[in-house]
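Now for the letters of each chain:
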Amino acid sequence: MGIGREGSDTGARRAVLVLGCPQVPVQTSIALYLAHVLRLRGLGVSVAGNRAARHLIQVADPEGRYVRESIDIDTYFSQLAGGERDYAFAFVFIHNDSGLVYAASVHAMTQGVVIPVVYGEHYEEMAGQVSYARETIMANAVHNPMPLKHRIDEVIPWVVSNL
Amino acid sequence: MGCIESVKHEILLKNASFQECRDFVRAHFKEHYIVAPGYRIFEKPVIGIPPILIAVEGDDVIFPYTKPCYGTFLLRATDRDEAYRLKSGVNA
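Residues numbered from 1 in each chain as written. Chains lettered and ligands numbered in written order. Predicted model: local features only at pLDDT ≥ 70, side-chain atom pairs only at ≥ 80, totals over all residues. Heavy atoms only, no water.

Asker: Could you give an account of the interface of chain A and chain B, with specific residues and numbers?
Answerer: Contacts between chain A and chain B engage 19 residues on the former and 19 residues on the latter. When chain A packs against chain B, close to 1500 Å² is buried across both sides, 64% of that on carbon and sulfur atoms. Summed over the shared surface of chain A and chain B, the result is 0 salt bridges. Across the chain A-chain B interface, the total number found is 6 residue pairs in polar contact (both at pLDDT 80 or more). (Contact = heavy atoms within 4.5 Å. Buried area = accessible area lost by both parts, 1.4 Å probe. Salt bridge = Lys/Arg side-chain N within 4 Å of Asp/Glu carboxyl O. Polar contact = N/O pair within 3.5 Å; in protein donor to acceptor, adjacent residues only side chain to side chain.)

Written out as structure tokens, the structure reads:
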């Protein structure tokens, strides 16, 4: 299994955004912004999520300018566990317990770098449970994406060039 | 685990945290096994926060299943082969 070497992107570094439940408004906006920032740094971006989370992305990015590929969350985990798919970077969106489960699972299975993106009203409590991550993007963001956007602007240049 | 619905199962806990499911297994089942994320059960990988506990009671297998919007479910399904595989320590 080669990290970031699947499909037609052989040789390119790739990232996956593992989306949580889209009930918190900032998720889709931040996912697309993060995809934009990563794309500017030369990474191909995929998203993994449930149907609603993927449809929110697909409707907002109909031509795939930011997100190249959309994967069902169960298919993603099945392929990750089977060694058929992996990425250099996995940004796991966390605002509830399920997000913590997904992040821990990706951390256990990937050969790439896991960066939790923690938000929502309980973000500090959630962030306290991802101590295994070398870098975490976190902010108190529910409706307003700007605190999380600012953290992405601060962290991503360092993450992409140093991890 | 998109096709978990195709496996006949009973829901023991629903909309729970992963920790609550782990505690339930410890409290209610004498025989349980620790598996790593990605261990396949019913041909699908189990995901979770380590340690992931899967219980066996007779031919029944009790395991967690997490959904993005509904938390973690603790499910019981009957499958002699899966129970035997856990007992014998054969990993996926």
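Asker: With reference to specific residues and values, describe the sheet that holds strand β6 (residues 137–138) of chain A.
Answerer: Residues and elements named next belong to chain A. Spatially, the 6 strands line up as an open sheet ordered β3-β2-β1-β4-β5-β6, and their pairing is parallel. Each edge of the open sheet carries a strand with a single partner, namely β3 (69–72) and β6. On the sheet, helix α1 (residues 26–40) packs against β1 (14–18), β2 (44–49), β4 (89–94) and β5 (113–118) and is oriented at approximately 165° with respect to β4. Sitting on the sheet, helix α3 (residues 73–81) is in contact with β1, β2, β3 and β4, with an inclination near 85° to β3. (Pairing = 2+ DSSP bridges. Helix = DSSP H or I, 4+ residues; strand = E, 2+ residues; numbered from the N terminus. Axes fitted to C-alpha atoms, helices over the stretch in contact; angles between N-to-C directions.)

Asker: Before we move on, can you summarise the layout of surface pockets with the specific residues and values?
Answerer: Considered as a void within the structure, the largest pocket measures approximately 230 Å³ in volume. Lining the largest pocket are 12 residues, and of these N50, R51, D72 and D74 of chain A together with K67 of chain B lie nearest its centre. Mapped by element, the contributors of at least two residues to the lining of the largest pocket are α2 (51–60) and α3 of chain A together with β6 (60–67) of chain B. At 3 residues, β6 of chain B tops the list of elements feeding residues into the lining of the largest pocket. Partitioned by chemical class, the residues of the lining of the largest pocket number 3 nonpolar, 3 polar and 6 charged. (1 Å grid on protein atoms, 1.4 Å probe; cavity = no way out; pocket = protein on both sides within 12 Å on 5 of 7 lines; lining within 4 Å. Points joined across faces, edges and corners; volume = space filled by probe spheres on them. Nonpolar A, V, L, I, M, F, W, Y, C, P; charged D, E, K, R; others polar.)

Asker: Account for the side chain of R76 of chain B, with residues named and values stated.
Answerer: All names here are of chain B. Tracing the sequence through the fold places R76 in strand β7 (residues 71–78). Of the residues examined, R76 reaches a relative accessible area of 17% and is grouped as buried. Engagement of the side chain of R76 in a polar contact is seen with the side chain of E57, the distance being 3.0 Å. Once you skip the residues sitting within four places of it in the chain, R76 turns out to touch K8, H9, E10, L12, F29, E57, D60, V61 and I62. (Buried < 20%, exposed > 50% of the residue type's maximum accessible area, 1.4 Å probe, protein only.)

Asker: Lay out α3 of chain A with the relevant residues and their values.
Answerer: Residue and element names in this part refer to chain A. Taken across its 9 residues, α3 has 7 buried, putting it largely inside the fold. Buried within α3 are the following residues: I73, D74, Y76, F77, S78, Q79 and L80. The N-cap residue of α3 is D72: its side-chain oxygen and the backbone nitrogen of D74 are 3.1 Å apart. Looking one or two places after α3, you find G83, whose phi comes out positive at around 75°.

Asker: Go over the state of the cysteines with me, naming the residues and quoting the values.
Answerer: Throughout the structure, instances matching the rule amount to 1 disulfide over all chains. Put simply, C21 of chain A and C69 of chain B are joined by a disulfide, and their sulfur atoms are 2.2 Å apart. Classification of the bridge connecting C21 of chain A and C69 of chain B rests on its S-S torsion, roughly 100°, and on that basis the disulfide is right-handed. You can see C21 of chain A sitting in the loop between β1 and α1 and its partner C69 of chain B sitting in the loop between β6 and β7, one on each of two chains. On the basis of relative accessibility, which here comes to 5%, the residue C21 of chain A falls in the buried class. (Disulfide = S-S within 2.5 Å.)

Asker: How would you explain the sheet that holds β6 of chain B if you had to name every residue and give the values?
Answerer: Within a beta sheet, neighbouring strands are joined by backbone hydrogen bonds and run either parallel or antiparallel to one another. Taken in spatial order, the 5 strands make up an open sheet running β1-β7-β6-β5-β2 (chain B), and their pairing is antiparallel. For this open sheet the edge positions go to β1 (9–16) and β2 (32–35) of chain B, each flanked by a neighbour on one side alone. Going across the sheet, the axis of each strand differs from the next one's by a mean of 25°, ignoring polarity. Bridge count between β2 of chain B and strand β5 (residues 52–57) of chain B: 4 bridges; the pairing is antiparallel. Counterpart to H32 of chain B in the pairing with β5 of chain B is A55 of chain B. Contacts between helix α4 (residues 97–109) of chain A and the sheet are confined to β6 and β7 of chain B, with β6 of chain B contributing the most and set at about 105° to the helix. Against the sheet, helix α2 (residues 80–87) of chain B contacts β2, β5, β6 and β7 of chain B, and its axis sits at roughly 120° relative to β5 of chain B.

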